[in-house]
Amino acid sequence: MALPTLTPEQRAQALEKAQQARKERSELLAGVKSGTLSVGDILARTDDIAKKTKVVQVLKALPGYGPAKAAALMEQAGIDDSRRVGGLGEQQRRKLLEAVSS
């Protein structure tokens with residue numbers, strides 16, 4: 001399936017939209033890293049930026065969590081590495097919150 005041909009204006013709009021989304025996601029993760037946002041706050045959000053953020057990125061942003069600790073936590077909670085926040089089920093959310101808070 002071929003990608004649609006975009007006009008230069010449509011291409012510029014798409015690039016600007018992607019850049020804005022990356023900026024907002026970066027600010028979200030910076031809030032987690034600084035401690036102003038918790039994992040519970042992220043899971044409770046309903047906006048697209050939070051929903052489309054990968055769970056592993058949120059965990060890595062937590063102080064004291066690196067790739068190994070985040071991967072172990074994901075495995076413990078039964079969450080796939082490619083899962084995004086919006087795609088988590090209730091049990092996965094509960095397990096993740098329990099694991100982070102303990």
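Note: the structure precedes this text.
An account of the accompanying structure is given in this report. Each chain has its residues counted from 1, running along the sequence as written. Local features are withheld for residues below a pLDDT of 70 in this predicted model, meaning they are given only at 70 or higher, and side-chain atom pairs are given and counted only at 80 or more; totals for whole chains, interfaces and linings count all residues. Calculation of side-chain values draws on the structure's entire complement of heavy atoms; hydrogens and water are dropped beforehand.

Thoughts on the side chain of Q92
Definition in use: Note on conventions: DSSP H or I runs of at least 4 residues are helices, E runs of at least 2 residues are strands, and numbering of each starts at the N terminus. Polar contacts here mean pairs of N or O atoms no more than 3.5 Å apart (in protein, one a potential hydrogen donor and the other a potential acceptor; neighbouring residues in sequence count only if both atoms are side-chain atoms). For this analysis, residues touch if any pair of their heavy atoms sits within 4.5 Å.
Topologically, Q92 is positioned in helix α6 (residues 90-101). Among the polar contacts made by the side chain of Q92, one reaches the main-chain carbonyl oxygen of G78 at a distance of 3.2 Å. Ignoring any residue separated from it by four or fewer positions in sequence, one finds Q92 in contact with A77, G78, I79 and G87.

Quick word on the environment of L59
The condition that has to hold: Think of it in three bands: with a 1.4 Å probe and only protein chains considered, a residue is buried below 20% of the maximum accessible area for its type, exposed above 50%, and partly exposed in between.
Its place among the elements puts L59 in helix α4 (residues 55-61). What makes L59 buried here is its relative accessible area of 0%. Separated by 14 residues in the primary sequence, L59 and L73 have C-alpha atoms spaced 8.5 Å apart. In this view, L59 contacts Y65, A70, L73, M74, L96 and V100; residues no more than four positions away in its chain are not counted.

Looking at the pattern of salt bridges
Any two side chains of opposite charge can pair, so long as their charged atoms come close to each other. Under the convention used in this document: Salt bridges are defined as contacts in which a side-chain nitrogen from Lys or Arg sits within 4 Å of a carboxyl oxygen from Asp or Glu.
Scanning all chains against the criterion turns up two salt bridges. Of the charged contacts in the structure, one is a salt bridge between R45 and D47, with a shortest N-O distance of 2.8 Å. Exposure remark for R45: the relative accessible area of 32% places this residue in the partly exposed category. The partner of R94 in a salt bridge is E98, and the shortest N-O contact between them spans 3.5 Å. One end of the pair is R94 and the other is E98, both in helix α6 and four residues apart, which spans about a single turn.

What to know about the nonpolar core
Rules: In this description, a nonpolar core means a group of buried Ala, Val, Leu, Ile, Met, Phe, Trp, Tyr and Cys residues linked to one another through side-chain atoms lying within 4.5 Å.
Residues V55, L59 and L96 are the most contacted members of the largest nonpolar core, which totals 22 residues. Taken together, the elements giving at least two residues each to this core come down to α1 (8-34), α2 (39-44), α4, α5 (67-77) and α6. Look past the residues within four positions of V55 in its chain and what remains in contact with it is M74, R83, R84, V85, L88 and L96.

Here's the deal with α6
Just so we agree on the cut-off: Here a helix's expected span is defined as the number of its residues, less one, multiplied by 1.5 Å. Comment: arc refers to directions from the helix axis out to C-beta atoms.
Over its 12 residues, α6 runs 16 Å from end to end, which matches the ideal 16 Å to within 8%, given 1.5 Å per residue. Along α6, the residues that are buried comprise Q92, R93, L96 and A99. Across the axial projection of α6, the buried residues extend over an arc of 135°, all falling on one side. Away from its buried face, by an angle of more than 90 degrees, α6 presents the exposed residues E90, Q91 and S101. Contacts from the buried residues of α6 go to α2, α4 and α5.

Keep in mind that these numbers describe shape and distance, not what the molecule does.
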